[in-house]
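Results of the structural survey
Residue strings, one per chain:
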Amino acid sequence: MLGFPGDKMGWCIRAARCAAVLAMSAAAVPEVRAQTLTMGVGAPVTSLDPHYHQLSPNIAVGHMIFSGLTSTDAHARVVPDLAESWQAVDETTWEFRLRRGVRFHNGSALTAEDVAFTLARVPNVPNSPSSYGIYTRPIREVQVVDSHTLRLKTASPYPLMPTDLSLLMILDRETHANATTEGFNAGPMAVGTGPFRMASHRNGDRIEFERNDAYFGAAPAWQRVTYRMITNDAARTAALLAGDVEFIDQVPTSDLAKLRADQRVALSEITGLRLIFLTFDHARTEASPFVTDNDGKPLPKNPLKDVRVRRALSMAVDRGAITDRVMEGAAIPAGQFLPEGSFSYVPELAPTRYDPEGAKRLLAEAGFPQGFRITLHGPNDRYPNDSRIIQAIGQMWTRAGVRTAVEAAPWASFVARAGRQDLSSFLIGWGSSSGEGSNPLRNLTATFDREKGYGASNRGRYSNPEADRVLEAAMRELDDAKREALLQQATRIVFEDVGIMPLHIQKNTWAMRKGLAHAPRADELTRAQDVRPAGAGR
Amino acid sequence: MTVFLLRRLLQAAAVVLVMSLLVFLGVYAIGDPVEILISPEADQIERERAIKALGLDLPLWQQYLVFLGNALRGDLGRSFVFNEPALRLILDRMPATLELAVGATILALLIGLPLGLYAGLRPHSPVSKGILAGSILGFSLPTFWVGLMLIMVFAVQLGWLPSTGRGETVTVLGMRWSFLTRDGLAHMIMPMVNLSLFKISLIIRLTRAGVRETMLMDYVKFARAKGLSPARITLVHVFKNILIPVVTVVGLEFGGTIAFSVVTESVFAWPGMGKLIIDSINVLDRPVMVAYLMVIVLMFITINLVVDITYSVLDPRVRLEGK
């Protein structure tokens, strides 16, 4: 009876035949209340189909209903989930052993056939605007060895297989044979092996969950969870203060001071994996569209191609001032892709020291003793305080002699221009979902190359053959220690060349009613299984 | 009457067509939906696949023709984000918005008309001056600020009302409604008040102006001379005559509330159509934007029609045939 949520107990009080039960559990009523959790999240979940749209809120909810072969812990390190263990049998074969006795919410047993079915479904979800097919593409062949063993063959060595598989939620061959995205959204197909069952779903409003008592992992603390989407920042904070929700994510930096002072509220925070950085126009050797001389006439050559100019611009920025004042402490200054403690973090690569005089000297050395003019672009609705950050940088650059105009635009129109190489310098962010260096190296700074699939988000078209060569060597290296050394080497090359200019790494902050405890995640996911009553151990 | 209706329908069709074209061009100019929807980790091949899957690889005019062809068969396209028919998404959200808009309009009439009448009849009393001053606040305070203040005072400080969301609903006629449950009503109060503030002020001012003008008319003097009671003069003769502008404005405002109560719906996390359209604009979900605006155009045309018919009921001099 302890498992009943509060409202059912209310019903029980009215029913005379419950009297005996009630007498038994009357003392436990406060605990019964504590079995429900209402969460307010800032980004809407767009689909319950775990393979339809790759988006953080969808992944978070995916982790509650489904499970992957592998998973990642709070610091984005790969840990076992449905697979108990895995190993590279040879250069191009990964073997995964499944956990035994796992059942889907509808009682169907998990076998290797289900995994094979899932891997076949992933690239073939109709109309997907952002498919998970990129993670199954390296797999050439799936071999079902026995009911609980599986081999994945790749064309070339692929060290990231266990990392990538943490993103693919496993479905049931019997249940999901003809499942459509609509079937998941409506409910009947939202059946997985995860810690919660989906009870109801109102698109863009809320999702209700119930505990899966047959879950193979640690039992979640909550019998019922309501996952409400409250996109307005101020309204989300107000809902927490009013007691309508007990837990919120994406706490706006402007509310941090107020919430820290509030006796009823506790905060949890962790340094995330999202780097905010500036990109320069590397695509043009001649005039860059938003760089001119001091009279407004185009410069014959693009000064941003000169590493001294890039270094000067980096030295002219006071990162500490931005993280302290603009971000109100919700970020740490960054000198590379990832925070300390991550796989392939380079210890000696510190954030560039603020040195406006040195910046002026370097600019003079590069042939710009009087500086030049530039327009710095950025989004105004994408990252916390994005438009205020570029304003601050604009002032700092101007002080160092580079007269800077600042132009912020909504993400939808900004990102299209950035992707067409229309801009000279702009602010953008990158979340390294895998928590290791190959992900940003491949996507952000590798030479744009359609065949290899490298540099797809390299919007400044930075290119450094030496970094490319080391990265490619790392991508063939199955030995973790050797791969880490190679990734560190590539990272060092990119940042010594100021291929991109790192600003800061965001901290992720959650707020909750006192009496709750939360295990914060570097990957920003907000999941009910990470929240517990304070004092209750895992 | 039939000719009038037919002509209106033709106009409607033309407006809807132009509207769809404008929205198509507009969204095309803003940016590329794939850039926004796709996972940042997607490589070039995956990007090309997504562009094809969403039908964005065709030239714009071809995309538009495909859309028109489907629309004629009643299919307004599937949402890029939700992979569900755009029209169904909109209709799913409609009850939430409708009950809020109807509630706010009724509230505005219940408060605005009596206050406006009073202010018109006793223009020099301090109470009337107070009412007018209050209506200035109603006009000029920004909706999002008032909404947040309501939440801070009534939900956070006093704890009388729930801060956000829709609360409990019951299903009637296959749609979910809040106003039939206690909890739902409690959730409705603040967004409803927030939406109606502007309308209350508008109705107060319109009513007051109308009353002051009408009171000077000859027929009012005549009625008074005839010895009719002041109550009858006000409530029957004056009232009927001032209603025409009020009905027009309330009708148009009602349409505006349904279509664009974006701010209130976002602040109160009210899962209505306004929230759907702003979310869709943010991710350039073109099918939903086009379908939404077409639904709204149809709605405005219907509201105007109802307003015209109401005129003829209120004022027999207005005839709909229009020779």
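Residues numbered from 1 in each chain as written. Chains lettered and ligands numbered in written order. Predicted model: local features only at pLDDT ≥ 70, side-chain atom pairs only at ≥ 80, totals over all residues.

**A short note on the overall build of chain B**
To be explicit about the condition: Where helices and strands are cited, they refer to DSSP runs of H or I of at least four residues and of E of at least two residues respectively, numbered from the N terminus. The exposure label follows from counting other C-beta atoms within 10 Å of a residue's C-beta, where the C-beta atoms are placed from the backbone and the thresholds are 20 or more for buried and 12 or fewer for exposed, leaving partly exposed in between. C-beta atoms are first placed from the backbone for all residues, and any pair lying within 7 Å is then listed as a contact.
Across its full length, chain B holds 13 helices and two strands. Across its three principal directions, the C-alpha atoms of chain B cover 85 × 60 × 35 Å. Each of the 323 residues in chain B was classed as buried or not, and the buried ones make up 39%. The long-range fraction of contacts in chain B, counting pairs at least 24 apart against all pairs at least 6 apart in sequence, stands at 70%.

**Focus: the confidence of the model for chain A**
All names here are of chain A. Condition: Values of pLDDT, which run from 0 to 100, indicate the predictor's confidence residue by residue.
Averaged over chain A, the pLDDT score is 89; the fraction of residues at 70 or greater is 93%. Model confidence for chain A, summarised as mean pLDDT per element, is weakest for helix H1 (residues 6–14) at 35 and strongest for strand S11 (residues 247–248) at 96. A low-confidence stretch, residues 1–32 (pLDDT under 50), is modelled with 25 contacts involving residues beyond four sequence positions or located in other chains.

**Digging into the interface of chain B and chain A**
We apply this condition: For this classification, the nonpolar set comprises Ala, Val, Leu, Ile, Met, Phe, Trp, Tyr, Cys and Pro, the charged set comprises Asp, Glu, Lys and Arg, and every other residue, Gly included, is treated as polar.
Listed per partner, the contact involves 48 residues of chain B and 44 residues of chain A. The leading source of residues in the side of chain B that touches chain A is helix H3 (residues 44–53) of chain B, at seven residues. Considering only residue class, the side of chain B that touches chain A consists of 25 nonpolar, 10 polar and 13 charged.

**Concerning the pairing of strand S6 (residues 139–146) of chain A**
Looking along a regular strand, one sees side chains alternate from face to face of the sheet. Residue and element names in this part refer to chain A. Operational definition: A pair of strands is considered paired only if DSSP assigns at least 2 bridges between the two.
Where burial is concerned, little of S6 is hidden: zero out of the eight residues are buried. Pairing analysis gives six bridges linking S6 to strand S7 (residues 149–154), with the strands arranged antiparallel. Bridging across to S7, Asp-146 finds its partner in Thr-149. Here S6 folds back onto S7 in antiparallel fashion, the turn holding two residues.

**Side note on the sheet that holds strand S5 (residues 93–98) of chain A**
All names here are of chain A. For the record, the criterion: A fitted line through C-alpha atoms serves as each axis, taken over the contacting stretch for helices, and the angle formed by two N-to-C directions is quoted from 0 to 180°.
In space, the four strands of this open sheet follow the order S4-S5-S7-S6, with antiparallel pairing throughout. The open sheet is flanked by strand S4 (83–90) and S6, the only strands paired with a single partner. Going across the sheet, the axis of each strand differs from the next one's by a mean of 20°, ignoring polarity. Where S5 and S7 come together, five bridges link them in antiparallel fashion. What sits directly across from Trp-94, in S7, is Leu-152. Along the sheet, helix H5 (residues 112–121) contacts S5, S6 and S7; its crossing angle with S6, the most-contacted strand, is approximately 165°.

**Points about the UniProt feature "domain: ABC transmembrane type-1" (unreviewed entry) in chain B**
Stated formally: UniProt positions are given in the numbering used here, feature names are shortened, and annotations may be inferred rather than shown by experiment.
Under the feature "domain: ABC transmembrane type-1" (unreviewed entry), the UniProt entry names residues 94–307 of chain B. Helix makes up 79% of residues 94–307 of chain B and strand 3%, whereas the separation of the span's terminal C-alpha atoms amounts to 21 Å.

**With respect to helix H16 (residues 411–419) of chain A**
Since the α-helix turns once every 3.6 residues, residues separated by three or four places project in the same direction. Turning to H16(A), its buried residues are Trp411(A), Ala412(A), Phe414(A), Val415(A), Ala416(A) and Ala418(A). Each element contacted by the buried residues of H16(A) is listed here: strand S15 (373–379), strand S16 (403–409) and strand S17 (425–431) of chain A together with helix H1 (2–30), helix H2 (33–37) and helix H12 (273–282) of chain B. Immediately beyond the C-terminal end of H16(A), within one or two residues, lies Gln421(A), with a positive phi of roughly 60°.

**Some remarks on the packing of helix H5 (residues 86–121) of chain B against helix H13 (residues 286–314) of chain B**
Residues and elements named next belong to chain B. What counts is decided by this rule: Any angle between 65 and 115 degrees counts as roughly perpendicular, while under 35 counts as roughly parallel, over 145 as roughly antiparallel, and the rest as oblique. Helix crossings are classified by the rotation of the near helix relative to the far one: an anticlockwise turn of less than a right angle makes the crossing left-handed, while a clockwise turn makes it right-handed.
The contact between H5 and H13 brings their axes to 9 Å, and the two run at 55°. With respect to H13, the axis of H5 lies oblique. Pair H5 / H13 crosses with right-handed handedness. Contact residues: H5 offers Ala-86, Leu-87, Leu-89 and Ile-90, while H13 offers Pro-287, Val-288, Ala-291, Tyr-292 and Val-295. Class assignment for the residues of the contact of H5 with H13 results in nine nonpolar, no polar and no charged.

**Concerning unusual backbone geometry**
Even without glycine at this site, Ser344(A) takes up a positive phi of about 80°. If you trace the backbone, Ser344(A) turns up in the loop between strand S14 (331–333) and helix H14 (356–365). Of note in the backbone geometry, Leu284(B) takes a positive phi value of approximately 55° without being a glycine. Tracing the backbone through its elements, the reader meets Leu284(B) in the loop between H12 and H13. Note on Leu284(B): 24 C-beta atoms within 10 Å, which makes it buried.

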